[in-house]
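In case you want the letters, here they are:
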Amino acid sequence: MVQISLAKLIKKREFAQILDLMVDSLESSMIIEDDEGKPLMATVGAERLGRYPVSVAGDVIGWVNGDEKVAPMAALLSFLAESEVEKRNLAGETLNKYKEITLLYDIVEKVSSCLDTKEIARLVIEEAQRAIRLSSVSVFLLNRDTDELELIAHHGHEFDTMRAVSRSTGLAGSVLASGRAEIVNDVHADPRFVDGSTGLSSLMCAPLKAKDRVVGVIKLGSGQPVTYTAEDLKLFTTLASLAAVAMENAGLYEQLKEAFYTTVYTLAETIEKRDPYTGNHTKRVMEYSSAIGKTLGLTEEDMSRLKLAAVLHDIGKIGVRDSVLLKESSLTDEEFEQIKKHAVYGEEIIAGISQLRSAISGVKQHHEKYDGRGYPDGLRGEEIDITARIIAVADSFDAMTTNRPYRQGLSLEAAFEELRKYSGSQFDPGIVEAFFASDVMEAFFAANSRKKIIL
Ligand SMILES: [Fe+2]
């Protein structure tokens, strides 16, 4: 309820005009006082014969003193004050609605372009903090395999720092089962929180519901006692619904992306099968490349085109004759020229598929050398795409350490030595360093149970 002061009200221009008219037509004198009896206005010769209250919704905000003829004046002031309160309430409601709409518009704008579930959860937490009084928020998704609610994002520290909870635990479990949002304004009086372990006074929980399927919940709470209202719950539920739809889309996108990578990988493996001695070369080149990319702190976009290019780097070999590709003895110059063409063939194959185009540079340039002596274009230094410079190190290292029918693979130490020797000529020194610093190294040492080699 909006508080109103009679002192301020009678000073407002439109009220002052009405008062003047009333005073002129009134045949009696009067004194107007505030609720504490302090005079606000008086006409000449006024006497306190009677006292008539000015009230709004039962609350006295002032008095009109005089004979019984001034009673209508008190009624009129009450009516004007009530109208003013209504006007202000309406303005307040409009402002709240405006804020709510702006908030929802903001969140729709942000999450609709987001295809990452955790990022969506983070955005929703951010918006909830802006709109609702809270000290903690947690977003849980139901893991269908473990049947547990998994925490995917949270803010605040009072509760829910556990990564996963049983699907029937507490308020989250209750909302997950019913699919209906709930408010608990007195946590300590609710039997579901008798142990008081949440450390919060008030809670709200809303389901993440997409296409009538509850996929998780969002729970928020305040350490200080607050009374969450039906309006708060409505806003929170809408926020949760928007998040659920966005998360559903993100999930579908993830599935699509995974299917795409599986198809690409299968394609690369099929080609690899032509040369049975390479066994899992593609897989290892992808692992080494990813590890280097991670160490270098590549952006998500560069990481994704790096992985794609690593898988597809030798796809152009499909265009090289078996008699050349599988030849075990030394290659003639003409045969080597044939092999070299696989870089350009690779470019030609993937250029026709829009989803693979981001991998073109990595595929075409993976045999370029840092000093400009590689092929097909003799690019040098940073003219060579970063993905290609990474794949060059990963590819060469794997080729060096793999046994072939006509030669024994190098030991790890010898292969490291080769990388170091050609760092700056064949390879980008920064990439060689990143490879040595990557977590792949730990795996090598663990697998070989050797003492750590000084790199
Ligand atoms: Fe190659």
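Reading the values: rules and limits
- Residues numbered from 1 in each chain as written.
- Predicted model: local features only at pLDDT ≥ 70, side-chain atom pairs only at ≥ 80, totals over all residues.
- Heavy atoms only, no water.
- Helix = DSSP H or I, 4+ residues; strand = E, 2+ residues; numbered from the N terminus.
- Rg over C-alpha atoms; globule rule 2.2 N^0.38 Å.
- Buried < 20%, exposed > 50% of the residue type's maximum accessible area, 1.4 Å probe, protein only.
- Contact = heavy atoms within 4.5 Å.
- Areas by Shrake-Rupley, 256 points an atom, 1.4 Å probe, with all protein chains shown as cover.
- Lys, Arg positive; Asp, Glu negative; His and termini not counted.
- Charge placed at Lys NZ, Arg CZ, Asp CG, Glu CD.
- Core = buried A, V, L, I, M, F, W, Y, C linked by side-chain atoms within 4.5 Å.
- Domains from an automatic or database assignment.
- Axes fitted to C-alpha atoms, helices over the stretch in contact; angles between N-to-C directions.
- Parallel < 35°, antiparallel > 145°, perpendicular 65-115°, else oblique.
- Left-handed = near helix turned anticlockwise from the far one by under 90°.
- Pairing = 2+ DSSP bridges.
- Donors = N, O, S within 2.8 Å, 3.2 Å for Na, K, Ca; no water.
- Tetrahedral: all angles 85-135°; square planar, octahedral: opposite > 155°, others 65-115°.
- Phe/Tyr/Trp six-rings, centres within 6.5 Å; stacked < 30°, edge-to-face > 60°.
- Lys NZ or Arg CZ within 6 Å of the ring centre and 35° of its normal.

A. Quick peek at the overall build of the protein. Scanning the protein from terminus to terminus reveals 16 helices and 10 strands. Compactness check: the protein gives a C-alpha radius of gyration of 37 Å against a globular reference of 23 Å for 455 residues, more than 25% above the reference. Principal axes of the C-alpha set define a box for the protein whose edges measure 125 × 50 × 45 Å. When the 455 residues of the protein are sorted by exposure, 43% land in the buried category. Taking all contacts inside the protein whose residues are at least 6 apart in sequence as the whole, residues at least 24 apart take part in 56%. Total accessible area on the protein is roughly 24200 Å²; 53% of this is exposed by carbon and sulfur atoms. Taking the average location of the 53 positive side-chain charges in the protein and that of its 70 negative ones, the two points are 4 Å from each other.

B. Highlighting the nonpolar core. In terms of nonpolar packing, the biggest core is built from 42 residues, with Phe397, Leu419, Phe435 and Phe444 touching the most fellow members. If you list the elements that add at least two residues to this core, you get α6 (230-272), α7 (281-296), α8 (300-312), α12 (360-364), α13 (386-401), α14 (412-421), α15 (429-437) and α16 (440-448). If you tally residues by element for this core, the top one is α8, at 7 residues. With residues up to four places along the chain from it excluded, the contact list for Phe397 reads Tyr288, Leu412, Ala415, Phe416, Leu419, Phe435 and Phe444. Among the nonpolar cores identified, the runner-up in size contains 37 residues, and Val111, Val215, Ile218 and Val226 belong to it.

C. Structural detail: the domain arrangement of the protein. When the domains of the protein are assigned, the result is domain 1 (6-94), domain 2 (115-247) and domain 3 (273-448). When each unit is reduced to the centre of its C-alpha atoms, the spacing between domain 1 and domain 3 is 88 Å.

D. Structural detail: the packing of helix α3 (residues 71-112) against helix α4 (residues 117-131). Where α3 contacts α4, the two axes come as close as 10 Å, and the packing angle between them is 165°. Viewed along their axes, α3 and α4 adopt a mutual orientation that is roughly antiparallel. With respect to the hand of their crossing, α3 and α4 are arranged in right-handed fashion. In this structure, α3 uses Leu103, Asp106, Ile107, Lys110 and Val111 to contact α4, whose residues at the interface are Ile120, Leu123, Val124, Glu126, Glu127, Arg130 and Ala131.

E. View of the sheet that holds strand β3 (residues 50-56). Here we have 4 strands laid out as an open sheet, ordered β2-β1-β4-β3, and antiparallel in their pairing. Each having just a single partner strand, β2 (39-42) and β3 make up the two edges of the open sheet. Averaged over neighbouring strand pairs, the angle between their axes works out to 20° when direction is ignored. Pairing geometry for β3 and strand β4 (residues 59-66), over 7 bridges, is antiparallel. The partner of Pro53 across the bridge, within β4, is Trp63. Where α3 meets the sheet, it contacts β1 (31-34), β3 and β4, and its direction lies at approximately 15° from that of β3.

F. View of the coordination of the iron ion. Within the protein, the iron ion binds to Asp314 (OD), His342 (NE2), His366 (NE2) and His367 (NE2); these donor distances fall in the range 2.1 to 2.4 Å. Classification of the site at the iron ion rests on its 4 donor atoms, whose angles at the metal span 82 to 168°, yielding the label irregular. Expressed as a motif, the donor residue spacing for the iron ion is D-x27-H-x23-H-H. Placement of His342 in helix α11 (residues 342-351) and of His366 in the loop between α12 and α13 is noted, with a sequence separation of 24 residues between them. The burial state of His342 is the same as that of His366; both residues are buried.

G. Here's a closer look at the packing of α6 against α7. Where α6 meets α7, the axes come as close as 9 Å, and the angle between the chain directions of the two elements is 130°. With respect to α7, the element α6 is oriented oblique. Between α6 and α7, the contacting residues are Tyr265, Ala268 and Glu272 on the first element and His281, Thr282 and Lys283 on the second.

H. Structural detail: the packing of aromatic side chains. Taken as a whole and assessed by the stated rule, the structure comprises 7 aromatic pairs. On the numbers, 5.6 Å between centres and 70° between planes, the contact of Tyr288 with Phe397 is edge-to-face. Residue Tyr288 is found in helix α7, and its partner Phe397 is found in helix α13; the two are separated by 109 residues along the sequence. Comparing Tyr288 with Phe397 shows no difference in burial state: the two are buried. Centroid distance Phe416 to Phe436: 5.6 Å. Interplanar angle 85°. Geometry classified as edge-to-face. Placement of Phe416 in helix α14 and of Phe436 in helix α15 is noted, with a sequence separation of 20 residues between them. Across this residue pair, the class does not change: Phe416 and Phe436 are buried. Taking NZ or CZ as reference, Arg51 lies 4.1 Å from the ring centre of Trp63, over its face.

I. Structural view of unusual backbone geometry. At the junction of Tyr375 and Pro376, the peptide bond is cis and its omega measures out at 10° in the coordinates. Backbone geometry places Asp147, a non-glycine residue, at a positive phi of 60°. Examined against the element boundaries, Asp147 turns out to sit in the loop between β5 (136-143) and β6 (148-155). The phi dihedral of Asp212 falls on the positive side, at around 65°, and the residue is not glycine. Note on placement: Asp212 falls in the loop between β9 (202-210) and β10 (213-222). In this structure Asp212 comes out as exposed when scored by relative accessible area, which is 74%.

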